Structure formats: C-alpha cells, structure tokens
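Notes for the structure review
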Amino acid sequence: MVQIGDAIVSFDMFQEYFCCSPSHCKGICCVEGDAGAPVLIDEVVKLEEALDVVIDGMTPQARAVVEEQGVVYTDRDGELVTSIVNGKDCVFASRDEKGCCICLIEKAFREGRTDWRKPISCYLYPARLRKVGDLTAVNFHKWDVCRSAFVAGRRKGIRAYEFLKEPLIERFGQEWYDELLVVAEELRKQNML
C-alpha cells in the first residue's frame, strides 16, 4: 500500500485491469450479493430526496421494502447499506429494455432530474473504502461477477485507478488524484505495473 494524503491505496488499484462493461455483466452488481451498497450517513438524506424522483420507476416490491424499513438498513456487519429486495436486489435497481440492470438514481442524474449521481460506494466500485484509524484504505474488490470487466480492462489496457478517475476525484479531489498519477508513474518506472 502507498499513502496519498489521508488515504492508503492498495497496489491492486494500480496493478489490476478493470473496465466495467454492463452490456456483458448486465449490471449484476446491483442485484447480486447478500447486502445493499454501503452508504455514508450524509448520503441517507440524498437517498431520501432521490426517492421522490425515482419512486415511479421502482418495482412494487422495492416500494414495499422502502415503505416498511426506509431506504437504508444496518447489515449484519453493522454497516449502513441501501435497502434490498428478496435479500439481494437494491431497491433502486431496475431493468432497461435489454434486461440490463440500471440504477434509477444514476438514470435520473443523467436525465438532469437530480443533481446527485448515487452513493459514492457504488460510483467507486470496484474500489472499497474502509476507515483505518485516521486514514481511509482504498482497496480493490475482486468479485466473480466482474469477470468481464477484468477481461475488458486488460484488453483495453485500463487499470482500475484509471477507470475510476472521476469517482476518485469526486471523493478525494483533483490534487489527490494527480498525486496518485505520480505514484503510478513511479511504479511503472520500477516495473511494478
């Protein structure tokens, strides 16, 4: 790991190839797993505000879950996460005409109906953040459902930190990301990439 500002970044973020390809995976990360997406405390209000914009696109089952427990819950690890349907599907997930899972909040963002894209944990995926004392660990999460993203990233020569440029800048800032690029270049010079 390497420290950049108040974050420690795993070498996997520099070494792993990744390029999300929803046309291949069908957005399965939104509907697979055993818990919702991690949510920050200040994102709960944003989720509730987004709910008013996207509720008409939600499934009846998702609306029922939200009505019963709200937009978030605490999972078995004690983390605040988005509410889920049937033990796996995010309540904000929907399917497009091609059967690809889409985030209703991000769809509303792209259509200009909301000014918030989605929880940072979703935007940053496959990076996962974890507090370690006063620092934030930035780790690369490997999940079989993303196999096509690993293949596409390798084929296109896109590393995880490059693919995640925009969300990393949103979370940590441009100056932080510029420093990350300096570290990546140094790793390249040392034949570590």
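Below or above, wherever it landed, is the structure these notes cover. From a predicted model like this one, the values you see are computed outputs, not experimental measurements.

Rules behind the numbers
Residues numbered from 1 in each chain as written. Predicted model: local features only at pLDDT ≥ 70, side-chain atom pairs only at ≥ 80, totals over all residues. Heavy atoms only, no water. Helix = DSSP H or I, 4+ residues; strand = E, 2+ residues; numbered from the N terminus. Rg over C-alpha atoms; globule rule 2.2 N^0.38 Å. Contact = heavy atoms within 4.5 Å. Areas by Shrake-Rupley, 256 points an atom, 1.4 Å probe, with all protein chains shown as cover. Buried < 20%, exposed > 50% of the residue type's maximum accessible area, 1.4 Å probe, protein only. Polar contact = N/O pair within 3.5 Å; in protein donor to acceptor, adjacent residues only side chain to side chain. Pairing = 2+ DSSP bridges. Axes fitted to C-alpha atoms, helices over the stretch in contact; angles between N-to-C directions. Core = buried A, V, L, I, M, F, W, Y, C linked by side-chain atoms within 4.5 Å. Salt bridge = Lys/Arg side-chain N within 4 Å of Asp/Glu carboxyl O. Phe/Tyr/Trp six-rings, centres within 6.5 Å; stacked < 30°, edge-to-face > 60°. Lys NZ or Arg CZ within 6 Å of the ring centre and 35° of its normal.

**Observations concerning the overall build of the protein**
In terms of helices and strands, the protein carries ten helices and ten strands. Its C-alpha atoms give the protein a radius of gyration of 17 Å, within 12% of the compact-globule value 16 Å for 193 residues. Each of the three principal axes of the protein carries a C-alpha extent, and together these read 55 × 40 × 35 Å. Within the protein, counting contacts between residues at least 6 apart in sequence, those at least 24 apart form 65% of the total. Entry remark: accessible area of the protein is about 10,700 Å², with carbon and sulfur atoms responsible for 49%.

**A closer look at the side chain of Thr-114**
Positionally, Thr-114 belongs in the loop between helix 5 (104–110) and helix 6 (120–124). Residue classification places Thr-114 among the buried residues on the basis of a relative accessible area of 17%. Only 3.4 Å separates the side chain of Thr-114 from the backbone nitrogen of Trp-116, close enough to count as a polar contact. Not counting residues up to four positions away in its chain, the partners in contact with Thr-114 are Ile-105, Ala-108 and Phe-109.

**Let's talk about the sheet that holds strand 1 (residues 2–4)**
Sheet architecture is open: four strands sit in the order 1-2-10-9, paired in mixed fashion. The open sheet is flanked by strand 1 and strand 9 (127–132), the only strands paired with a single partner. On average, each strand axis in the sheet is tilted by 30 degrees relative to the strand beside it, whichever way the strands run. Pairing between strand 1 and strand 2 (residues 7–9): three bridges, direction antiparallel. Each residue of the ladder has a partner; that of Ile-4, found in strand 2, is Ala-7. Sitting on the sheet, helix 10 (residues 174–189) is in contact with strand 1 and strand 2, with an inclination near 150 degrees to strand 1.

**Considering the nonpolar core**
Counting 27 residues, the largest nonpolar core has Val-9, Met-13, Phe-14, Val-138, Leu-168, Trp-176 and Leu-180 as the members making the most contacts within it. Of the residues forming this core, the biggest block, six residues, is contributed by helix 10. Every residue in contact with Leu-168, bar those within four places of it in the chain, is listed here: Leu-124, Tyr-161, Gly-173, Trp-176, Tyr-177 and Leu-180. Among the nonpolar cores identified, the runner-up in size contains 23 residues, and Val-44, Leu-47, Val-54 and Phe-92 belong to it.

**Focus: the pattern of salt bridges**
Scanning the entire structure with this criterion turns up eight salt bridges. When the shortest N-O distance is used, the salt bridge between Arg-110 and Glu-106 registers 2.8 Å. Taken together, the positions of Arg-110 and Glu-106, both in helix 5 and four residues apart, correspond to about one turn of that helix. Judged by its relative accessible area of 10%, Glu-106 falls in the buried class. Between Lys-107 and Glu-111 there is a salt bridge, with the nearest N and O atoms lying 2.9 Å from each other.

**Overview of the packing of aromatic side chains**
Applying the stated criterion to the full structure yields six aromatic pairs. Between Phe-14 and Tyr-161, the aromatic rings sit 5.6 Å apart at their centres with planes inclined by 45 degrees, giving tilted as the arrangement. Of this pair, Phe-14 sits in helix 1 (residues 12–15) while Tyr-161 sits in helix 8 (residues 160–163), placing them 147 residues apart in sequence. For the pair shown, Phe-14 and Tyr-161 are each scored as buried. A ring pair is formed by Phe-172 and Trp-176, whose centres lie 4.3 Å apart and whose planes are at 20 degrees; its orientation type is stacked. The exposure class of Phe-172 is buried, given its relative accessible area of 14%. Classification of Trp-176 as buried rests on a relative accessible area of 7%. The structure contains a cluster of three or more aromatic residues connected by ring pairs, namely Phe-18, Phe-140, Phe-150 and Phe-163. Its end group placed over the ring of Phe-172, Arg-171 keeps NZ or CZ at 4.5 Å from the ring centre.

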